[in-house]
Every structure is written in structure tokens, then in C-alpha cells.
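For reference, the chains in residue letters:
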Amino acid sequence: MAFAIDEINRNSNLLPNVTLGYSLYDNCANLGIGFRAALSLVSGQEEQFVLDETCVGTPPVVGIVGDSSSTRSIAISSVLGLYRVPMVRAMIQILNHFGWTWVGLLISDDDYGLHAARSFQSDLVQSGAGCLAYLEVMPWDNDQDEIRRIVDVMKKSTAHVVIVFAQETHTINLMEEVVRQDVTGLQWITSEAWTAATVLHTSDFMPYLAGTLGIAIRRGEIPGLREFLLQTHPDLHNNNSYGNSVISQFWEHIFQCRFAPPPPDWVDAGGGLCSGQEDLQSVETEFMDVSDLRSEYNVYKAVYALAYALDDMLRCVPGRGPFRGHSCGSLKELEPWQPPRSVCSESCPPGTRMARKKGEPVCCFDCIPCSEGKISNETNSLECTSCPEDFWPSLQRDHCVPKETEFLSYHEPLGIGLTAAALLGTCICAVVLGIFIYHRRTPIVRANNSELSFQLLLSLKLCFLCSLLFIGRPRLWTCQLRHAAFGISFVLSISCILVKTVVVLAVFKASKPGGGASLKWFGLFQQRGTVMVLTSVQAGICTAWIVSASPVPHRNTQYYSDKVVYECVVGSTVGFAVLLGYIGLLAVFSLLIAFIARNLPDSFNEAKLITFSMLIFCAVWVAFVPAYVSSPGKYADAVEVFAILASSFGLLVALFGAKCYIILLRPERNTKKAIMGRGIET
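Residues numbered from 1 in each chain as written. Predicted model: local features only at pLDDT ≥ 70, side-chain atom pairs only at ≥ 80, totals over all residues. Heavy atoms only, no water.

**So, the environment of L591**
Counted only if it meets this: Put simply, DSSP marks the helices as runs of H or I at least four residues long and the strands as runs of E at least two long, and each gets a number from the N terminus on. Throughout, a contact is declared for two residues whenever any of their heavy atoms are within 4.5 Å.
As for its placement among the helices and strands, L591 is situated in helix α17 (residues 573-596). Expressed as a C-alpha distance, the spacing of L591 and A607, which sit 16 residues apart in the sequence, is 9.5 Å. Filtering out sequence-adjacent residues up to four positions away, L591 remains in contact with T611, M614, L615 and C618.

Written out as C-alpha cells, the structure reads:
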């Protein structure tokens, strides 16, 4: 290994600008020591790496060259598998290493092939390494029909890795059929060294078999190894390594000497103290025998295999890589388990769950996106989990995010538009009130009960302003105040209209002979008292409602699965219904009286305007109820605000529009004669 690492580091064409390092552990033919050595290599806790000043960060362990003994290698691999670190050795571990979980198996029709198949299948299931896409037995008699059928199965299968338990003579005909059917793109793994057979190294077979992995211990030559070994000497500058260094122990054994200071129980065998400069060529030792390198040659190849794999990865072109999305690995983020994939189904990413395909092996599954409201934050999750109540899955459904909050806000177009309309109505009321106060002594103002007109304008102003309580994040005080303010403001407005309508009828009756007595019941004091009493009833309803079952802010998660709607719950549906019902009762009563008075002489034609205004008011609020019930979340508040504004604008325009027109633009009609003659409507 030391020779291979040194040779690679001196090769400018292989891994340029990268220096490989290594750690060697002797298992002392003891399984427990081998376990400890493997864990030390993986964790790096015992080994302290001495980095060159040009190196940055902790060097990663990208691979382990295992023991030549299958027993120890298999045992150690069970530990290394926890860390996803590959061992360059047996077949199951190669599958684990590359993540090839979906493979085909070809065996020879004899005891060797059948026993190997049973053993391989058992190990495959026990280790959880993967599944077999197919198992085919190659015929002894070279039956071409059977061979064609087997190759056809391989060609149609989605498995890209084929494992062969057969000798060279049993595979020649199969490989010829593979060439005839042009079956490419397969990764072959064999249990024998027939991959070295010259007959399979021809130009016809190489396009199909290049890259085949053969499992066998073979003899090989390593040029330059003997010279490298002869240059081996103990490190005289590191006194702490003399007692523990493998080289120091080897040196003392070969030359029968000891490095100073010798242990107290050491018996001088005649060699004296070691100088470290003894000549290895002067002794006969198996250490220098490089004529039959088998396990050693495998170590040499394994190191080069890792080096070339690392070199290929570092030369990877982004967009053409072997990983997900054709991405490439990087030296800083290199993991030892990274090369090509052969799986029946790709891993399920976060945001999905695994669903077994009916009638197919466990390696074959579908990735089902998590259902609404659920996430999975791990790869290959079996189940999706629900997010907490106030959270919602992200777009990828791989983590939970806080739910979006919704309410009728001052910062959104709908809220801005309603706010602007409310403020506009408030300003118009103020302007109309100013006009009426300024022209309070003119006939048109005096003829239409100026005090009730002033009260009506003030109440309409309150109606416009109360709509602002429905906009913005619901608070306890806004929830309690919004419906009370709305109910009292509108009752005040309709009470003024009702009294005005009754006064119109009373004045008309008083104009007839013997009807003067009726006016004493509708003097200024009675008008004020009636408005106050009617409004007080609504105030009592609101007080009882708030005391018994107060409206409160509520976080509603039922309207939308991905949003939290902030709203005001009415607390008592009965209370809300009584409030609306009382407003509706007064409105209908006002409409009926105004309708009765609609045909009065022109001098009393304000009843027509009141009738029109109450028709608008009733139409708006009749349409409001179904729209309010069917509107979710903030749109219910928007519907209520719209109803308030629409009815308020309707009353304002219907009752005061024509009067302001005459006052401002047709002052010649604002005379007693004109009022008593043709009336304001003309």
C-alpha cells in the first residue's frame, strides 16, 4: 500500500494537486483487533494525521482496503456498512458500495452455481443489500433458444447490474449472444477470474465487457516494489515509534538487534543495538520475495482503483455527473459511498413517502407526495407526519412553515379601497353638514326639519366611521365595539328618518281643517325623545349582548388548510340577529310610513325621498345576509363593510343630494315661494 500511494503521489497525470495518505493497521490474525482497526480508520479518533501546511481541513477516509481473508472481511464489513464506507473485496459488499440494489443473477447449471445462488440470495436478503430482478440458469448443452431467451430477459430488465456465478467455458456462448443482440450498458460482476481470459479480450467483446469486475485472487507483478522495499528503514528521528512501529519490530526481528533503550527483560542474542542502517540485501527474508504477489497485488490494485475512482470524480463535468440531477462530487464534500446507480426505484426524496408496488419485490416502490397538511423530512420515509395546527407544509412538503395569517388589512387593495370609501363618506357628511349649517336660515333647510337633518348627518358620519372598526387585525375591543357602534349608529339614523316621516304626515294632517291638535304630539321635545328612546333600545340590546356573550377575536383554521384567518366571532348569534332585526324593523316601519306619505302634495314631497332612500337601505341589507353567510374569512368583514357603506351612501345621496344641488347650484329655487309652489323635486 505504501508503495502504491507513493507511486500515485508521484504521478502527475493521476490526481494532480491531490495528495493521498494512508493508515495501516495489523489485525494480528485477531477478529477483535480487526474490528478496532476498522473503526479507528473510519472515525479517525485514534489516528492523528499530520497535514502538510498546504492542506486545508480534515482529510476524508474515502475507502478501506480490507483483509485478504473472507471471514474477517465479511465481519468487518458489517461494521463499516454503518458508516457507508466501501471495502474493495467481496460481491455483496460491492453491491452495497455502489448502491446497486436491483441486480440480475446468472448461474451455471451445476452444484457450484446452484449452491452459490442459494448462498448469494440468502446473504442478499439477510444484509438488506438489494433484490433480484431475475435469476436465470445457463444451460450446459449450449441450447441457443434458451440462451436467446436469457439474453432477451436481460435486455428487457431494468436492472443494469448482472452477477455471474459460472466459469469461463459456460459464458462464452452467452457473451456471443449478448454481442448479437447488442445488449450494452450492463455492469458485469463475476465470481471467477474469467474476465482475464484472452478470448474475451477481443475487439468484439470489449465494448460489452469493458469494466467487468471479477472476484478472484490472482498473482501479479508490481514493478519497482523490490527496490522500494530495499529502501525501507526505521525512522530514527521519531523515538516514540521505535517500540510500536511495525518497521522497527521487523528490523529487530530480521537483524536480531534492539533499538535503544532495550526493555529490562531483553536478552542479548548477539545482535546488539540496532543502528537502523543495516543492509536488507544481506539477509534472506520472505519480505523481499516479490515473485508470487497475490493478496499484495490486490492491495496494489485496490489502491489504484480508489485513486482512479477519485480522479474520475474530480474530473467530472457538471451536468454529466453520475449523481442525482447529473451532478458531480467535489473534494470538499466527497463521501466514500459516491460512483453509478443500479436500483429498481430511485430513493424517495423528502416531501414524499414510499409506497410498495403490489406484487413486486421490496426494492420496487413508488414515491407518493405527502398529502395536504403533511410532510416528510427524510429520504425514503415510510409515512408522512402532520404539521402542528399553526403550521403548514412548505411547497416541497419537506418541512413545516408558519401558516399565513389573513384578515381584512389596511395594507391590501380591498382594505385600502374600503377605508378610502369610508373616509370619503365621512368627509362628504361633514361638508353637507357645513352647507346646511351655513344655509340653516334658508327655506329649504328650515322646511325639512333642520334639527333632525343635523342629527341624521351626524349619525351617517358615525355609520361611515364605524366601518373602520371592521378593518385591521381583530382585537378584543374592536370586536366588542364594531357591532355595537354599527347597530347604534344605524338605529340613530333610521330613528331620525322615521321621526322625519311621521312629522311629514303630522304636518300634512295639521294643514287640514281641525287637524292642528295633532302637531302638539310632534313638537321638538317629542322628536328628540322619540329618537333617544328608539336608540336606547338598541343600546340596551348591545349591552346585553356584550355582557352575556361578548364577541371575541378568533383564529380560524377551518376555512383554509394553509391559512389562519383572524376574525371576530359574534359570541351570540341570537344577539347579532336581534341587533339586525331591530334595525330592519325600524327600516321597514319607516318605509311603510314613507310609502303612505309618497302622494302628499309637493310641498311635503320629502316623503318620496325618504321612500327611495329606505328602499335602497332595505335592498342592501336583504342582500347582505346571504352574502355574509357564504363569505369566508376576511371577505365576510368586507361584505359587512360594503353593506354599511352602500346603505350609508344611499341615505346620504337620496336625502341630501337634491337639497345640496338646489342650495349650491339653483339658489333661485331656495325660496319660500318655490318651496310652497313646485317643491324641491323640480
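**Quick look at the packing of helix α14 (residues 450-466) against helix α19 (residues 634-665)**
Our working definition: Angles run from 0 to 180 degrees between N-to-C directions of axes, and those axes are lines fitted to C-alpha atoms, restricted for helices to the stretch in contact. Roughly parallel means an angle under 35 degrees; roughly antiparallel means over 145; roughly perpendicular covers 65 to 115; every other angle is labelled oblique. In this scheme, a crossing is called left-handed if the near helix is turned counterclockwise away from the far one by less than a right angle; it is called right-handed if the turn is clockwise. Each residue is assigned to one class: nonpolar for Ala, Val, Leu, Ile, Met, Phe, Trp, Tyr, Cys and Pro, charged for Asp, Glu, Lys and Arg, and polar for all the others, Gly among them.
Following both chains from N to C, one finds α14 and α19 inclined at 155°, their axes separated by 9 Å at the closest point. In terms of their interaxial angle, α14 and α19 are classed as roughly antiparallel. Judged by the sense of rotation from one axis to the other, the crossing of α14 with α19 is left-handed. Touching S453, L456, L457, L460, C463, F464 and C466 of α14 are I644, L645, S648, F649, L651, L652, L655 and F656, all from α19. Looking at the contact of α14 with α19 residue by residue, the class counts come to 13 nonpolar, 2 polar and no charged.

**Here we look at the side chain of S108**
Along the chain, S108 turns up in strand β1 (residues 102-108). Excluding its chain neighbours within four sequence positions, the residues that come into contact with S108 are G113, L114, V137, M138, F165, A166 and H170.

**Thoughts on the sheet that holds strand β14 (residues 563-569)**
Worth spelling out the cut-off: When DSSP finds at least two bridges between two strands, those strands are taken to pair.
The 3 strands are arranged β12-β14-β13 in an open sheet whose pairing can be described as mixed. The strands lining the two open edges of the sheet, one partner per strand, are β12 (404-406) and β13 (552-556). The average undirected angle you get between the axes of adjacent strands in this sheet is 25°. Pairing analysis gives 5 bridges linking β13 to β14, with the strands arranged antiparallel.

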